[in-house]
Amino acid sequence: MKVVEPNEKVAIKLKVNGKEYEEVVEPRRLLVHVLRDLGFTGVHVGCDSSNCGACTVIMNGKSVKSCTLLAIEANGAEITTVEGLSSNGKLHPIQEGFWEKHGLQCGYCTPGMIMEAYFLLKENPNPTEEEIREGISGNLCRCTGYQNIVEAIKYASEKMKKQEIEKTT
Ligand code: FES
Ligand code: FES
């Protein structure tokens, strides 16, 4: 096992939104700061105690709070941030849902909320209202009161189901 000294820097590789990056980081550096320094500034910091979820990204298929991971722990990982969700300028159904149903105001929680919704719908394409609320319970919003976020996720769930049907017919 390689031991890294506290003042030693380590080279890590990350694949973010399909593109490879190499960074040299101190072992104590948090993943959220590395992602932001790479230009993914849609990943936000809303707290210092792991409860707000504004820093949520998808890492190796799971939603994670990137403020609660060291960048060295993410070495070799595949990460998706909100910047990687649209394709060729076309919004992902979840992004469209937040727009259509007014699921955002200041927009600070939105990237994390959208990534959590992405994970939720991948795990459970037909969530009930209760399952949606439970699914986003790690993501705090101080503006919307959550109701329109729930509606946005329901919209996305419907649209994604339709797209699946179109693909298979
Ligand atoms: S910044 Fe609040 S949970 Fe990560
Ligand atoms: S839209 Fe402002 S915190 Fe959620």
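Note that the coordinates shown come from a computational prediction; the quantities given were computed from them, not determined experimentally.

Please clarify how the overall build of the protein should be interpreted in this entry.
Scanning the protein from terminus to terminus reveals 5 helices and 5 strands. Listed N to C, the secondary structure of the protein is β-β-α-β-β-β-α-α-α-α in terms of helices and strands. Rg of the C-alpha trace for the protein: 17 Å, near the compact-globule value of 15 Å for 169 residues, within the 12% margin. Along the first, second and third principal axes, the C-alpha set of the protein runs to 50 × 40 × 25 Å. Put simply, the protein has 169 residues, and 40% of those count as buried. Charge-centre separation for the protein: the mean point of 20 positive side chains lies 3 Å from the mean point of 23 negative side chains.

What's the story with helix H2 (residues 93-100) in this structure? I'm lost.
It helps to recall that an α-helix has 3.6 residues per turn; residues three or four apart then point in one direction. Burial runs high along H2: 6 of the 8 residues are buried. Where H2 is concerned, the buried positions are Pro 93, Ile 94, Gln 95, Glu 96, Gly 97 and Phe 98. Buried residues along H2 sit in contact with helix H3 (110-123) and helix H5 (147-168). Positive backbone phi, at 55 degrees, marks His 102, one or two positions downstream of H2.

How do you make sense of the pairing of strand S1 (residues 10-16) when you look at a structure like this?
If a strand is regular, its side chains alternate between the two faces of the sheet. Residues of S1 alternate between two faces, with Val 10, Ile 12, Leu 14 and Val 16 buried on one and Ala 11, Lys 13 and Lys 15 left unburied on the opposite face. Bridge analysis of S1 against strand S2 (residues 19-25) gives 7 bridges, and the strand direction is antiparallel. Following the sheet pairing, Val 10 is matched in S2 by Val 25. With antiparallel pairing between neighbouring strands as the criterion, S1 and S2 make up a hairpin whose turn holds 2 residues, including Asn 17 at a positive phi of roughly 50 degrees. In this structure, S1 lies alongside strand S5 (residues 78-80), joined through 2 bridges in parallel fashion. If you follow Lys 15 over to S5, its bridge partner there is Glu 78.

I tried to follow the domain arrangement of the protein on my own but got confused; where do I start?
Note on interface size: it is often stated as the accessible area lost on association of the parts. Domain parsing of the protein yields domain 1 (10-84) and domain 2 (93-168). Computed from C-alpha coordinates alone, the two centres of domain 1 and domain 2 are separated by 21 Å. Facing 18 residues of domain 1, the contacting portion of domain 2 comprises 14 residues. Both faces considered, domain 1 and domain 2 share a buried interface measuring about 1,300 Å² in area, 60% of it formed by carbon and sulfur atoms. Put simply, domain 1 and domain 2 have 0 salt bridges between them. For the interface between domain 1 and domain 2, the tally reads 8 residue pairs in polar contact (both at pLDDT 80 or more). Residue assignment for the side of domain 1 that touches domain 2 shows that the elements contributing at least two residues are strand S3 (56-59) and strand S4 (62-65). Tallied by class, the residues present in the side of domain 1 that touches domain 2 amount to 6 nonpolar, 10 polar and 2 charged.

Conventions used here
Residues numbered from 1 in each chain as written. Chains lettered and ligands numbered in written order. Predicted model: local features only at pLDDT ≥ 70, side-chain atom pairs only at ≥ 80, totals over all residues. Heavy atoms only, no water. Helix = DSSP H or I, 4+ residues; strand = E, 2+ residues; numbered from the N terminus. Rg over C-alpha atoms; globule rule 2.2 N^0.38 Å. Buried < 20%, exposed > 50% of the residue type's maximum accessible area, 1.4 Å probe, protein only. Lys, Arg positive; Asp, Glu negative; His and termini not counted. Charge placed at Lys NZ, Arg CZ, Asp CG, Glu CD. Contact = heavy atoms within 4.5 Å. Pairing = 2+ DSSP bridges. Domains from an automatic or database assignment. Buried area = accessible area lost by both parts, 1.4 Å probe. Salt bridge = Lys/Arg side-chain N within 4 Å of Asp/Glu carboxyl O. Polar contact = N/O pair within 3.5 Å; in protein donor to acceptor, adjacent residues only side chain to side chain. Nonpolar A, V, L, I, M, F, W, Y, C, P; charged D, E, K, R; others polar.

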